[in-house]
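Summary of the model geometry
Now for the letters of each chain:
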Amino acid sequence: MRRMMKKKVIVPVLAAIFIISFYALFHEMERKGCFSQNLSISKKWDMSDRPNLKVLILGDTGTGDQNQKQVADASAATCKELGCDLVLYLGDNFYPEGVKGIEDRQFSERFEDIYPQQIPFCSILGNHDVKGDWKAEIEYTNRSQRWYMPETNYDFSAGPVHFYAVNTNCSPLPFFKLKMDSSKEWNIVFGHHPFASSGNHADMDFISRFFMDRLDFDLYISGHQHLLEHLQKDGKNYIISGGGGGPLQSKEKEDSSYSRFVARKHGYVWAEFNRESAQFIFYDQDGKKIYDFSRKKEGVK
């Protein structure tokens, strides 16, 4: 009799715990932008027929302070000198807690008024962005001539490159669905959190790295760590361009064993792709070249 009474009590309690836990998990995933919003985004642009592509890479920008403005001015000068077709905008677009809504003045003060380049800014969400109304960052795509974030995860082709934008706040979920485009010479994934780094902030979790190791991409680009870094692992290259304006990090741990170059300073990266090769140049906040590397595309005749 007592055993039956215990069972009658335990089963509902366990069921309640399961329901509460499931709801809490669902709510947290919704807060981080893990589900498709299916918003009506009207903006479209086509760069697929270009033989080469020039890309500016900026991350962790949204302070609105002098550091962001200095990097913005220097990167604009680089674009004027070398050319830029689009920007990869790597998250933490608005510090410290994202935007409050589509009418938030930060869209003007920390984006529109700072960058003069009249090219697409292909944006993703950082961990600071999901503290606010991240849906407004998607909706802003219809408001701005330059801002582009049609979904929290999306992909597009430009020149010889197919880009995959991933919301790493929801890792490892975005990596389950990734399939590389074999018709393109370069497959490049970009997200906010790095695979590995020499920075102080947390990198990707083990499960996400496990799935990334099994993807056949050419390059992974990220921010999150407020520094500039080039890493290599198992023949793959990783770039961290997190020096767009956020406060710099002091060195509190040894550099990653995968690191080939690291600079704990503000700055940005410029890249150029064609069918046969790609080159990458790292600049500091004054627009001074501090590092570069190139890569030839294997199998291209």
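Regarding the overall build of the protein
Per the secondary structure count, the protein includes six helices and 14 strands. When each of the 301 residues of the protein is scored for burial, the buried share is 54%. When contacts within the protein are restricted to residue pairs at least 6 apart in sequence, long-range pairs at least 24 apart make up 71% of them. Surface accessibility of the protein: about 14600 Å² in total, with carbon and sulfur atoms responsible for 52%.

Observations concerning the packing of aromatic side chains
Tallied over the full model, the rule gives 33 aromatic pairs. Their ring planes at 85° and their centres at 6.5 Å tell us that Tyr148 and Phe156 sit as a pair that is edge-to-face. A residue is classified by how much of its surface remains accessible, and Tyr148, at 12% relative accessible area, is buried. Judged by its relative accessible area of 8%, Phe156 is buried. Measuring from ring centre to ring centre gives 6.3 Å for Phe163 and Phe190, while their planes differ by 80°; the resulting arrangement is edge-to-face.

With respect to the sheet that holds strand β2 (residues 86-89)
Adjacent strands of a sheet pair through backbone hydrogen bonds, lying either parallel or antiparallel. Here we have seven strands laid out as an open sheet, ordered β4-β3-β2-β1-β12-β13-β14, and mixed in their pairing. Each edge of the open sheet is held by one strand with a lone partner, namely β4 (147-148) and β14 (289-296). Note: β2 against strand β3 (residues 121-123), three bridges, orientation parallel. Paired with Leu88 across the strands is Cys122, a residue of β3. Contacts between helix α2 (residues 66-82) and the sheet are confined to β1 (53-58), β2, β12 (267-273) and β13 (277-284), with β12 contributing the most and set at about 25° to the helix.

Focus: the side chain of Ser171
Its place among the elements puts Ser171 in the loop between β6 (161-165) and α5 (173-176). Among the polar contacts listed, one links the side chain of Ser171 to the backbone oxygen of Thr168, at a separation of 3.1 Å.

Considerations on the confidence of the model for the protein
In this model, the protein carries a mean pLDDT of 89, and residues with pLDDT of at least 70 account for 88%. This stretch, residues 22-27, has a pLDDT under 50; its non-local contacts, to residues over four places away or in other chains, come to one contact.

Here's the deal with the state of the cysteines
Two cysteines whose sulfur atoms are joined by a covalent bond form what is called a disulfide. Across all of its chains, the model carries two disulfides by this definition. The disulfide partner of Cys34 is Cys170, and the gap between their sulfur atoms is 2.0 Å. A torsion of -95° about the S-S bond marks the disulfide between Cys34 and Cys170 as left-handed. Here Cys170 lies in the loop between β6 and α5 and Cys34 lies in the loop between α1 (2-31) and β1, a separation of 136 residues in the sequence. A residue is classified by how much of its surface remains accessible, and Cys170, at 6% relative accessible area, is buried. Shown here is the disulfide that connects Cys79 with Cys84, its sulfur atoms set 2.1 Å apart. Taking the sign of the torsion about the S-S bond as the criterion, the disulfide between Cys79 and Cys84, at about -85°, is left-handed. In this pair, the class of Cys79 matches that of Cys84, namely buried. Each bonded cysteine in the protein gets a number by its place in the sequence, and the pairs come out as 1-4, 2-3.

Some thoughts on the nonpolar core
Of all hydrophobic cores here, the largest spans 63 residues; its most connected members are Leu88, Phe163, Phe190, Ile221, Phe273, Phe280 and Phe282. In contact with Phe273, other than residues within four places in its own chain, are Pro51, Asn52, Leu53, Val55, Pro160, Val161, Trp186, Ile188, Ala278 and Phe280. Counting residues in hydrophobic clusters, the runner-up holds 16 residues, among them Phe175, Phe217, Tyr238 and Ile240.

Focus: the sheet that holds strand β10 (residues 236-241)
Strand order in the open sheet formed by seven strands is β5-β6-β7-β8-β10-β9-β11, with mixed pairing between adjacent strands. Each end of this open sheet is capped by a strand with a single partner; those strands are β5 (154-158) and β11 (259-263). Averaged over all adjacent pairs, the angle separating strand axes in this sheet is 15°, with direction ignored. As defined by bridge partners, β6 adjoins strand β7 (residues 186-190) across five bridges and the pair is classed as parallel. Residue pairing across strands places Tyr164 opposite Val189, the latter belonging to β7.

Thoughts on the pattern of salt bridges
The final tally for this structure, using the stated rule, is 13 salt bridges. Its salt-bridge partner being Asp85, residue Arg50 comes within 2.5 Å of it at the nearest N-O pair. Here Asp85 lies in the loop between α2 and β2 and Arg50 lies in the loop between α1 and β1, a separation of 35 residues in the sequence. The buried category is assigned to Asp85, whose relative accessible area is 17%. The closest approach of N and O atoms between Asp213 and Lys233, which form a salt bridge, is 3.3 Å. In this pair, Asp213 is assigned in the loop between α6 (206-212) and β8 (219-222) and Lys233 in strand β9 (residues 228-233), connecting sequence segments 20 residues apart.

The rules we used
- Residues numbered from 1 in each chain as written.
- Predicted model: local features only at pLDDT ≥ 70, side-chain atom pairs only at ≥ 80, totals over all residues.
- Heavy atoms only, no water.
- Helix = DSSP H or I, 4+ residues; strand = E, 2+ residues; numbered from the N terminus.
- Buried < 20%, exposed > 50% of the residue type's maximum accessible area, 1.4 Å probe, protein only.
- Contact = heavy atoms within 4.5 Å.
- Areas by Shrake-Rupley, 256 points an atom, 1.4 Å probe, with all protein chains shown as cover.
- Phe/Tyr/Trp six-rings, centres within 6.5 Å; stacked < 30°, edge-to-face > 60°.
- Pairing = 2+ DSSP bridges.
- Axes fitted to C-alpha atoms, helices over the stretch in contact; angles between N-to-C directions.
- Polar contact = N/O pair within 3.5 Å; in protein donor to acceptor, adjacent residues only side chain to side chain.
- pLDDT = per-residue confidence, 0-100.
- Disulfide = S-S within 2.5 Å.
- Core = buried A, V, L, I, M, F, W, Y, C linked by side-chain atoms within 4.5 Å.
- Salt bridge = Lys/Arg side-chain N within 4 Å of Asp/Glu carboxyl O.

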